[in-house]
Amino acid sequence: MILYLHGFRSSPQSMKARLVGARMAALGLADQVISPQLPASPRLAMELAQSLIAGIPAEELSVIGSSLGGYYATWLAERIGCRAVLLNPAVVPSLDLDKHVGVTTQYHSDQPFEFKREYIDELRALAVPKISKPERYFLIAATGDEVLDYRDMVAHYQGARQHIIDGSDHAISEFPQYLDEVLGFCGVGARA
């Protein structure tokens, strides 16, 4: 089972979420991927994620997280002991997201998105100062990420499997070429 967690203001309509879902469907595994719309509240987002994976053994679960979703994926992996793939993950989002407090819209719709000041404390409560089992993690980080510094990611996930992309961007626009590697780490067959 794969749980895909999108980034800040994003949705299950993001390019990477849709590609993961489409590949899983092509492999006949559409029922083995969950990609929820996460609420703005980090506490509620993690409550939702945990409710969706309740009862799934850790060894049968992988979490793929992009940006803020990578921060969430790290917390879940530490909490339940599953594998996690991190795509340009946020390492200390409480610092980066403080300037985004307020109301805006989601990226893939005109739905309002309100990020409240108290959510910063909720983010801090999910902090993982150091990963406990690096072998459970696979980091894909782009040196050209215009939002987050890939060096913070490399340092935070020291000892984990890492694929550092020279260039690219925060969205990892060429994600299709890494999809088989990501799914392979999650224990899914490489080709449809």
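Structure: see above.
A short tour of the structure in this document, coming up. Please read these numbers as outputs of a predicted model, since none were measured by experiment. (Residues numbered from 1 in each chain as written. Predicted model: local features only at pLDDT ≥ 70, side-chain atom pairs only at ≥ 80, totals over all residues. Heavy atoms only, no water.)

## Comments concerning the overall build of the chain
Phase 1: The helix and strand tally for the chain stands at 7 helices and 8 strands.
Phase 2: For the chain, the C-alpha radius of gyration of 15 Å lies close to 16 Å, the compact-globule estimate for 192 residues.
Phase 3: The proportion of buried residues among the 192 residues of the chain is 47%.
Phase 4: Of the contacts formed within the chain by residues at least 6 apart in sequence, a portion of 67% connects residues at least 24 apart. (Helix = DSSP H or I, 4+ residues; strand = E, 2+ residues; numbered from the N terminus. Rg over C-alpha atoms; globule rule 2.2 N^0.38 Å. Buried < 20%, exposed > 50% of the residue type's maximum accessible area, 1.4 Å probe, protein only. Contact = heavy atoms within 4.5 Å.)

## Points about the sheet that holds strand β1 (residues 2–5)
Phase 1: Within the open sheet, the 6 strands sit side by side as β2-β1-β3-β4-β7-β8. Their pairing is parallel. Lying at the two open borders of the sheet, with one neighbouring strand each, are β2 (33–34) and β8 (161–165).
Phase 2: Seen against the sheet, helix α3 (residues 68–80) touches β1, β3 (62–66), β4 (83–87) and β7 (137–142) and runs at an angle of roughly 155° to β3. (Pairing = 2+ DSSP bridges. Axes fitted to C-alpha atoms, helices over the stretch in contact; angles between N-to-C directions.)

## Points about the side chain of Arg136
Phase 1: Turning to its location among the elements, Arg136 is positioned in the loop between α5 (118–125) and β7.
Phase 2: A distance of 3.2 Å separates a polar atom in the side chain of Arg136 from the backbone oxygen of Cys82.
Phase 3: Those residues within four positions of Arg136 in sequence are excluded, and the remaining contacts are Ala77, Glu78, Gly81, Cys82, Arg83, Ala84 and Phe185. (Polar contact = N/O pair within 3.5 Å; in protein donor to acceptor, adjacent residues only side chain to side chain.)

## Looking at the nonpolar core
Phase 1: Counting 40 residues, the largest nonpolar core has Leu3, Leu5, Met46, Tyr72 and Leu76 as the members making the most contacts within it.
Phase 2: Listing elements by their share of this core, those giving two or more residues are β1, α2 (42–53), α3, β4, β6 (112–115), α5 and β7.
Phase 3: When residues in this core are grouped by element, the largest group, 7 residues, is from α3.
Phase 4: Ignoring anything within four residues of it in the chain, the contact list for Met46 reads Leu5, Tyr72, Trp75, Leu76 and Leu126.
Phase 5: Within the second largest apolar cluster, 22 residues are counted, among which are Tyr4, Val33, Tyr178 and Val188. (Core = buried A, V, L, I, M, F, W, Y, C linked by side-chain atoms within 4.5 Å.)

## Section: the pattern of salt bridges
Phase 1: Scanning the model with the defined rule gives 6 salt bridges in all.
Phase 2: The partner of Arg43 in a salt bridge is Glu47, and the shortest N-O contact between them spans 3.0 Å. Linking Arg43 with Glu47, this pair stays in helix α2, spanning 4 residues, or about one helical turn.
Phase 3: Taking relative accessible area as the criterion, Arg43 reaches 43% and is therefore assigned partly exposed.
Phase 4: Classification of Glu47 by relative accessible area gives partly exposed; the value is 41%.
Phase 5: In this structure, Arg124 and Asp121 form a salt bridge, with 2.8 Å as the shortest nitrogen-oxygen distance. Placement of the pair is Arg124 and Asp121 together in helix α5, with a separation of 3 residues, close to one helical turn. (Salt bridge = Lys/Arg side-chain N within 4 Å of Asp/Glu carboxyl O.)

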